[in-house]
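# Structural characterization, general
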Amino acid sequence: MTRVIATGFSIFLSCALSAQAVDGIFLFHPNYYDEGYCTRVVDNGNIYITGRTDVRRVYNFLTLGLLPDGSFNPGFSGDGILVTNLAKNSGSFSYSCLVQPDGKIVSGGGAGGDFAVMRLNTDGSMDRTFNKSGSVKTDLGGSEYIQGMALQYDNKLLAAGNTSDHAFAITRYTTNGKLDTAFGSSGVVKTLYPELQYGVECWRVAPYLDGFVVGGFGYSPYERYQVLARYYANGSL
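Residues numbered from 1 in each chain as written. Predicted model: local features only at pLDDT ≥ 70, side-chain atom pairs only at ≥ 80, totals over all residues. Heavy atoms only, no water.

To continue, consider the overall build of the protein. Each helix and strand counted, the protein has zero helices and 17 strands in total. In the protein, buried positions account for 51% of the 237 residues. Contacts in the protein between residues far apart in sequence, at least 24 positions, make up 42% of those at least 6 positions apart. Surface summary for the protein: the accessible area is close to 11500 Å², and the carbon and sulfur share equals 52%. (Helix = DSSP H or I, 4+ residues; strand = E, 2+ residues; numbered from the N terminus. Buried < 20%, exposed > 50% of the residue type's maximum accessible area, 1.4 Å probe, protein only. Contact = heavy atoms within 4.5 Å. Areas by Shrake-Rupley, 256 points an atom, 1.4 Å probe, with all protein chains shown as cover.)

Here it is in structure tokens:
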């Protein structure tokens, strides 16, 4: 049976699950603003959802761990729910996620206006081998957030997103959560498109041959364009 899984602003799963998720629908809505942006299913059928949740009017990273039948996974953070504040009072959120081959869960988004990446062990605990804390924030000089992530073949992490100067922004992290200084300028690449007066918006990044590609949209006063950029492994176009 083919399973189709979708997440929405008030987090839900619509899929072919057992009776524990009534009519195949899983609902999660403990707070007024709970938004799911990324869903991943691993080989054993477990499901992870990442997004954001409102805690006292401040957004936090939200990660849900579900069993194949749609129930919360007690082996993940004790009750299947993990709320993480990566920016104290300024808010944080996850727009992208992936599961590494070793089962660790990586989510990326924004925290306090910076790129933010968090890596969890399979039990929902912070992976302290990743930047010694389980998370890393990268300030690109303005207000920015991650929209897409991908693992390279060497397991280095590519994170691509948007900036306040409307550029494609890509960072690359080593397996221990540090910026890869062999990539771009100290681990960061920014690409501006001056011919598009309203800039570009990044949506996805993916490895490709000896480098990677980034896709999104570009905007002029009267048109919207699809934009695709191909980079070499060192971050150059």
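The subject of this paragraph is the layout of surface pockets. What the largest pocket holds in volume is close to 180 Å³. Forming the boundary of the largest pocket are Tyr37, Cys38, Arg40, Tyr95, Ser96, Cys97, Gln147, Gly148, Met149, Trp203, Arg204 and Val205. Residue composition of the lining of the largest pocket, by class: seven nonpolar, three polar and two charged. (1 Å grid on protein atoms, 1.4 Å probe; cavity = no way out; pocket = protein on both sides within 12 Å on 5 of 7 lines; lining within 4 Å. Points joined across faces, edges and corners; volume = space filled by probe spheres on them. Nonpolar A, V, L, I, M, F, W, Y, C, P; charged D, E, K, R; others polar.)

The next thing to look at is the nonpolar core. Membership of the largest hydrophobic core comes to 17 residues, with the highest contact counts inside it found for Phe168, Ile170, Tyr193, Val205, Phe212, Val214 and Tyr231. The residues touching Val205, leaving out its near neighbours within four places in the chain, are Gly148, Met149, Ala150, Leu158, Ala160, Phe212, Val213 and Val214. Grouped together as the second largest cluster of nonpolar side chains are 15 residues, Phe115, Val117, Met149 and Ala169 included. (Core = buried A, V, L, I, M, F, W, Y, C linked by side-chain atoms within 4.5 Å.)

Turning our eyes to something else, we now look at the sheet that holds strand β10 (residues 135–138). Sheets are built from strands paired through backbone hydrogen bonds, the pairs being either parallel or antiparallel. Pairing is antiparallel in the open sheet, where four strands are placed in the order β7-β8-β9-β10. Since the sheet does not close on itself, it has two edges, and those belong to β7 (92–99) and β10, each with one partner. For this sheet, the mean angle separating the axes of adjacent strands, direction not counted, is 20°. In terms of strand pairing, β7 meets strand β8 (residues 105–111) through seven bridges, oriented antiparallel. By the bridge assignment, Cys97 is partnered in β8 with Ser107. (Pairing = 2+ DSSP bridges. Axes fitted to C-alpha atoms, helices over the stretch in contact; angles between N-to-C directions.)

Here the structure, examined in full by the defined rule, presents nine aromatic pairs. Look at Phe93 and Tyr95: their rings are 4.8 Å apart centre to centre, the planes differ by 50°, and that puts the pair in the tilted class. A residue is classified by how much of its surface remains accessible, and Tyr95, at 21% relative accessible area, is partly exposed. Each member of the aromatic cluster is reached from another via a ring pair, and the members are Tyr37, Phe93, Tyr95 and Tyr145. Positioned above the aromatic ring of Tyr59 is the side chain of Arg52, whose terminal nitrogen or guanidinium carbon lies 3.8 Å from the ring centre. (Phe/Tyr/Trp six-rings, centres within 6.5 Å; stacked < 30°, edge-to-face > 60°. Lys NZ or Arg CZ within 6 Å of the ring centre and 35° of its normal.)

What follows deals with the environment of Val83. With respect to the helices and strands, the residue Val83 is situated in strand β6 (residues 81–84). Residue Val83 is classed as partly exposed on the basis of its relative accessible area of 40%. In sequence terms Val83 and Thr50 are 33 residues apart; their C-alpha atoms lie 9.9 Å from each other.

Turning to the sheet that holds strand β12 (residues 157–163), a few remarks are in order. An order of β11-β12-β13-β14 is seen for the four strands of this open sheet, with the pairing classed as antiparallel. Both edges of this open sheet fall to β11 (144–151) and β14 (188–191), since each of them pairs with a single strand only. Across the sheet, the mean angle separating the axes of adjacent strands is 20° when strand polarity is ignored. Where β11 meets β12, seven bridges bridge the pair, whose relative direction is antiparallel. Of the residues in β12, the one forming a bridge with Met149 is Ala159.

So, on to empty space enclosed by the protein. For the structure shown, the criterion picks out one cavity of 30 Å³ or more. For the largest cavity, the calculated volume is near 30 Å³. Taken together, Gln100, Arg119, Phe130, Leu151, Asn155, Leu157, Tyr173, Thr174 and Thr175 make up the full set of residues lining the largest cavity. Residue classes in the lining of the largest cavity are distributed as four nonpolar, four polar and one charged.

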